[in-house]
Amino acid sequence: MEEAIHAIVGKRNPLEITELNLDNRCKASKITGLDTFPNLESLSMNGIGLTSLEGIPPLNHLKQIELSDNRLTTGLEHLTNAPKVEMLKLGGNQISNMDNIKPLANLTSLKNLDLFENPVTRVEKYRE
């Protein structure tokens with residue numbers, strides 16, 4: 001993941017980066033290398049093979065995060081490191097029960113949540 005980040009960012013100052021798109025640019029089971037990007041507002045890591053959100057640093061400016069088409073099942077509590085998230089895309093993962101999404105209740109700014117193609121969407125009244 002760190003190599004892909006470096007290839008995208010190059011010599012730019014990480015403090016000036018507000019948007020980072022790693023979609024299909026690397027393979028990683030967990031998040032690394034984001035510690036120096038505290039001003040990110042948009043982060044996309046679709047289809048990179050994530051199985052864990054462990055390692056996501058405090059991202060107090062992050063408003064949009066895309067994590068679709070990974071292999072996430074649990075660990076959504078790590079998203080509380082991004083307390084201002086308004087849009088969260090988790091489609092195409094393996095989130096299977098309501099207990100796994102309960103930590104999202106702590107994201108008080110969350111307005112848009114995509115769980116399409118997750119087993120949890122087959123649970124009756126999962127939207128309540």
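As shown above, the structure is provided for reference.
In this text the structure is predicted, and so the values were computed from the model without any measurement.

A. Molecular detail of the overall build of the chain. Secondary structure assignment for the chain yields two helices and five strands. Since a compact globule built from 128 residues should have a radius of gyration of about 14 Å, the 14 Å found for the chain is in line with a globular shape. Dimensions of the chain along its principal axes, counting C-alpha atoms only, are 50 × 30 × 20 Å. Burial status across the chain gives 42% buried among its 128 residues. Here the chain has roughly 7100 Å² of accessible surface; of this, 45% comes from carbon and sulfur atoms. Positive and negative side-chain charges in the chain, numbering 14 and 17 respectively, have mean positions lying 2 Å apart.

B. Local environment of the nonpolar core. Ranked by size, the top nonpolar core spans 37 residues in total, and within it Met-1, Met-45, Ile-65, Leu-67 and Leu-79 carry the most contacts. For this core, the element with the most residues is helix H1 (residues 2-9), which contributes three residues. Apart from residues lying up to four places away in sequence, Leu-67 is in contact with Met-45, Asn-46, Leu-50, Leu-53, Leu-72, Leu-79, Leu-88, Lys-89, Leu-90 and Asn-93.

C. Spatial organisation of unusual backbone geometry. Phi angles above zero are rare outside glycine, and Asn-24 is one such case at about 55 degrees. Within the secondary structure layout, Asn-24 lies in the loop between strand E1 (19-21) and strand E2 (42-44). At Glu-117, a residue that is not glycine, the phi angle is positive and equals roughly 65 degrees.

D. How the structure looks around the pattern of salt bridges. Under the definition given, this model contains one salt bridge. We note a salt bridge from Lys-102 to Asp-99, for which the minimum N-O separation is 3.1 Å. Like Lys-102, the residue Asp-99 is exposed in the burial classification.

E. Structural detail: the sheet that holds E1. In space, the five strands of this open sheet follow the order E1-E2-E3-E4-E5, with parallel pairing throughout. This sheet does not close on itself; its edge strands, each paired only once, are E1 and strand E5 (112-114). The sheet shows a mean angle of 5 degrees between the axes of neighbouring strands, taken without regard to direction. Bridge count for E1 against E2 is three bridges, and the pairing is parallel. Each bridged residue has a counterpart across the sheet, and for Leu-20 the counterpart in E2 is Leu-43.

F. Highlighting the environment of Ile-65. Topologically, Ile-65 is positioned in strand E3 (residues 64-66). Judged by its relative accessible area of 1%, Ile-65 is buried. In this structure, the C-alpha to C-alpha distance between Ile-65 and Ala-82, residues 17 residues apart in sequence, is 9.3 Å.

G. Here's a closer look at the environment of Arg-12. Relative to the elements of secondary structure, Arg-12 occurs in the loop between H1 and E1. Looking at Arg-12, the relative accessible area reads 48%, which means it is partly exposed. A distance of 3.2 Å separates the side chain of Arg-12 from the backbone oxygen of Val-9, its partner in a polar contact.

H. Expanded view of the side chain of Glu-66. Position of Glu-66 among the secondary structure elements: in strand E3. At 3.0 Å, the side chain of Glu-66 forms a polar contact with the side chain of Asn-46. If near-sequence neighbours (up to four positions away) are discounted, Glu-66 is found in contact with Leu-43, Ser-44, Met-45, Asn-46, Met-87 and Lys-89.

What counts, and at which threshold
Residues numbered from 1 in each chain as written. Predicted model: local features only at pLDDT ≥ 70, side-chain atom pairs only at ≥ 80, totals over all residues. Heavy atoms only, no water. Helix = DSSP H or I, 4+ residues; strand = E, 2+ residues; numbered from the N terminus. Rg over C-alpha atoms; globule rule 2.2 N^0.38 Å. Buried < 20%, exposed > 50% of the residue type's maximum accessible area, 1.4 Å probe, protein only. Areas by Shrake-Rupley, 256 points an atom, 1.4 Å probe, with all protein chains shown as cover. Lys, Arg positive; Asp, Glu negative; His and termini not counted. Charge placed at Lys NZ, Arg CZ, Asp CG, Glu CD. Core = buried A, V, L, I, M, F, W, Y, C linked by side-chain atoms within 4.5 Å. Contact = heavy atoms within 4.5 Å. Salt bridge = Lys/Arg side-chain N within 4 Å of Asp/Glu carboxyl O. Pairing = 2+ DSSP bridges. Axes fitted to C-alpha atoms, helices over the stretch in contact; angles between N-to-C directions. Polar contact = N/O pair within 3.5 Å; in protein donor to acceptor, adjacent residues only side chain to side chain.

Honestly, it's all geometry; don't read function into it.
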